[in-house]
Amino acid sequence: MSGSTFTTALKTAATYLDVAANAHGEEKAHLALQALKRVPHAAPHLVEVGPGGGSAVAYLASQLSAVQPPIDGVHLTLVEVPGVTSASLDQAIEVFGQVGTCRLLTGFAQDVGSLLPEPADVISASALLHEVYSYGGGYVGLHSVIRTLPTVLKPGGMFAYRDVYAVKSGSLHDRTQQTYTSRSWIRFLRMFLPQYLKEGTHPYHSAADLVVLRQDSRIVRPEDLSERASVVAAAPVGIFREVQRHYVTLRDHIWRSGVLGVSPYLEGPLSGDWIDARSGHKRVHYRLTESDWLPASQKTMLLALSEPYMDHHTVDGDIFDECTDIALSAFLARAEEDAGECADVWRSWVTREGRETYAYMTLDSLLAAVAVHSTEAAQEQRTVLMPVRLADVMRRDRAYYNRYLRRALPNPLKDAKQMVLFSNVPVTDTATLGEGMHCLQQWCSKGSLARVYAAINQGG
């Protein structure tokens, strides 16, 4: 990742780290906290790679004394990319200093082996592997990081990992169909797909991965799509995953920018005003902004459907989604014409997010890849990274986004986070290996299980 644009342009802005990337602290720290509870000695050493805005650090600080029994004397090491700073992370470090010790090191994920002076009990990371994949050499960089992890973990140590959920499919290359009817989604396809397929780091390069788009039964190139006709698309399911996830992040990015004349609260207590949390139905709190390029009637009608709340407004989330999707279509039209602030906001998103590959592995392939490549680590005592309890693998659905996607797309893919707690198991520990293989059996195909078995038993 060293020398890439990641360090200078993509995710170093304070508005990203302190706001957009500083949510879900409980979720980011959940597995790390569970791992610390299983460390058999006092004063455990925890490493977090890529702390961002420090939400996980702050959550851990609030929980270490509250859990039973309390976890005392945690030594926390943070590893962040050079040049990335965050005021909220500085605050979280100060708070953590009241319950343990904390130090901040600068470096890249690929270099974590040389950055840490001693092995850790627990290493925690969120979105690390997809960042490395997108900016650090694709699968080569990804596999290199996996091989490094066992060398910086103690035998029996744990790697707590959280990332975007891929799909429920045997492979991201499995072909399927998707239909798009909304103008904003079709415009997004026209603008996003050509640059992503040409410039993004992704694995969809074979003839079988070709994206075929049809309008009125005719094959159309992505850049020639018309928003006036529905699109029937045939492509690898992974590409549809990329389109869907990128659209959601773009929508949030545009909302935060205030370019639509309104900006919702996407973080903090006001972002979770649920009408029905299970179904993802909530009230949206938003403030007005100075942007006025849209017809005044759009803002006026939204205000008529809203209620004043302290210094801002609140409205049913379904209504807000409908209203802002109309504005989003107009935004994309202006961005495509390279017009004013809309074009600037689009370009800033493309620079930061538009070339990332979010979901490059199904859970099956992720678990197998981590297990197989961890056995290749350069160390005398061979170990393998694998979950050893069924509860070490979990998925947390994004109910709000899934509610929106069900209304926007005929057959949406589930939006969620997948979380895995890997244990660094010595290959001589046959009892724990058996538990790990039983655990993998719940999620991995027979082919993946065979690969893991062969990797563990090679040479012995």
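See the structure above.
Bear in mind that the values here come from a model prediction, so they are computed numbers and not experimental data.

1. What to know about the overall build of the chain
Line of reasoning, step 1. In terms of regular secondary structure, the chain is built from 16 helices and 17 strands.
Line of reasoning, step 2. On C-alpha atoms alone, the chain measures out to a radius of gyration of 23 Å, which is about the 23 Å that the 2.2 N^0.38 rule sets for 460 residues.
Line of reasoning, step 3. Taken over 460 residues, the chain has a buried fraction of 57%.
Line of reasoning, step 4. A separation threshold of at least 6 residues defines the contact pool for the chain, and within that pool the share at least 24 residues apart is 79%.

2. Overview of the packing of helix α6 (residues 128–135) against helix α7 (residues 138–148)
Line of reasoning, step 1. Where α6 meets α7, the axes come as close as 7 Å, and the angle between the chain directions of the two elements is 140°. Relative to α7, the element α6 lies oblique. In terms of crossing hand, the pair formed by α6 and α7 is right-handed. Listed contacts from α7 to L128, L129, V132 and Y133 of α6 are G138, Y139, G141, L142 and V145.
Line of reasoning, step 2. Taken together, the residues that form the contact of α6 with α7 break down as seven nonpolar, two polar and no charged.

3. A closer look at the nonpolar core
For soluble globular proteins, nonpolar side chains are generally found buried alongside one another.
Line of reasoning, step 1. Ranked by internal contacts, the top residues of the largest apolar core, which has 57 residues, are Y180, W185, F188, V243, F331 and W346.
Line of reasoning, step 2. Mapped by element, the contributors of at least two residues to this core are α8 (183–199), β9 (231–236), α9 (237–257), β12 (281–288), α11 (317–336), α12 (340–352) and α14 (399–408).
Line of reasoning, step 3. Take this core: its biggest share by element is nine residues, from α9.
Line of reasoning, step 4. Contacts of W346, omitting those with residues within four sequence positions, involve F188, M191, F192, L250, F331, L332 and A335.
Line of reasoning, step 5. Within the second largest apolar cluster, 47 residues are counted, among which are A125, V132, L153 and L366.

4. Focus: unusual backbone geometry
Line of reasoning, step 1. In this chain, Q68 is followed by P69 through a cis amide linkage whose omega measures -5°.
Line of reasoning, step 2. Within the fold, P69 resides in the loop between α3 (55–63) and β2 (75–80).
Line of reasoning, step 3. With a phi close to 55°, M310 is a non-glycine residue in the positive phi region.
Line of reasoning, step 4. Note that M310 resides in the loop between β13 (307–309) and β14 (312–316).

5. As for the pairing of strand β7 (residues 212–215)
Line of reasoning, step 1. Two elements, β7 and β9, share three bridges in a ladder whose sense is antiparallel. Paired with L213 across the two strands is A233, which belongs to β9.
Line of reasoning, step 2. In terms of strand pairing, β7 meets strand β8 (residues 218–220) through three bridges, oriented antiparallel. By the bridge assignment for β8, L213 is matched with V220.
Line of reasoning, step 3. In this structure, the hairpin formed by β7 and β8 is closed by a connection of two residues, where D216 is found at a positive phi of approximately 50°.

6. Comments concerning the sheet that holds β9
Across a sheet, strands are paired by hydrogen bonds formed along the backbone, either parallel or antiparallel in direction.
Line of reasoning, step 1. Reading across the sheet, the four strands line up as β6-β9-β7-β8 and stay open at both edges, with antiparallel pairing between neighbours. Since the sheet does not close on itself, it has two edges, and those belong to β6 (175–180) and β8, each with one partner. Each strand of the sheet is rotated relative to its neighbour by a mean of 30°, with strand direction disregarded.
Line of reasoning, step 2. Running at roughly 130° to β6, α8 makes contact with β6, β7 and β9 of the sheet.

7. Considering the packing of aromatic side chains
Line of reasoning, step 1. Under the definition given, this model contains 15 aromatic pairs.
Line of reasoning, step 2. Relative to Y247, the ring of W185 has its centre 3.8 Å away and its plane inclined at 10°; by these criteria the two rings are stacked. Remark: Y247 occurs in helix α9 and W185 occurs in helix α8; sequence separation between them is 62 residues.
Line of reasoning, step 3. Grouping aromatic residues by their ring pairs yields a cluster made of Y180, W185, F188, F192, Y196, Y247, W346 and W349.
Line of reasoning, step 4. Here the basic side chain of K282 rests over the ring of W274, its NZ or CZ set 5.5 Å away from the ring centre.
Line of reasoning, step 5. The aromatic ring of Y265 is capped on one face by R287, whose charged end is 5.6 Å from the ring centroid.

8. As for the pattern of salt bridges
Between side chains of opposite charge, a pair can form as their charged atoms come close.
Line of reasoning, step 1. Overall, the coordinates contain 25 salt bridges when judged by the stated rule.
Line of reasoning, step 2. Residue D392 pairs with R38 through a salt bridge whose shortest N-O separation is 2.9 Å. Residue D392 is found in the loop between β15 (383–386) and β16 (393–397), and its partner R38 is found in helix α2 (residues 25–38); the two are separated by 354 residues along the sequence.
Line of reasoning, step 3. When its relative accessible area of 3% is taken as the criterion, D392 is described as buried.
Line of reasoning, step 4. Here D397 makes a salt bridge to K414, at a shortest N to O gap of 3.8 Å.

Cut-offs and rules
- Residues numbered from 1 in each chain as written.
- Predicted model: local features only at pLDDT ≥ 70, side-chain atom pairs only at ≥ 80, totals over all residues.
- Heavy atoms only, no water.
- Helix = DSSP H or I, 4+ residues; strand = E, 2+ residues; numbered from the N terminus.
- Rg over C-alpha atoms; globule rule 2.2 N^0.38 Å.
- Buried < 20%, exposed > 50% of the residue type's maximum accessible area, 1.4 Å probe, protein only.
- Contact = heavy atoms within 4.5 Å.
- Axes fitted to C-alpha atoms, helices over the stretch in contact; angles between N-to-C directions.
- Parallel < 35°, antiparallel > 145°, perpendicular 65-115°, else oblique.
- Left-handed = near helix turned anticlockwise from the far one by under 90°.
- Nonpolar A, V, L, I, M, F, W, Y, C, P; charged D, E, K, R; others polar.
- Core = buried A, V, L, I, M, F, W, Y, C linked by side-chain atoms within 4.5 Å.
- Pairing = 2+ DSSP bridges.
- Phe/Tyr/Trp six-rings, centres within 6.5 Å; stacked < 30°, edge-to-face > 60°.
- Lys NZ or Arg CZ within 6 Å of the ring centre and 35° of its normal.
- Salt bridge = Lys/Arg side-chain N within 4 Å of Asp/Glu carboxyl O.

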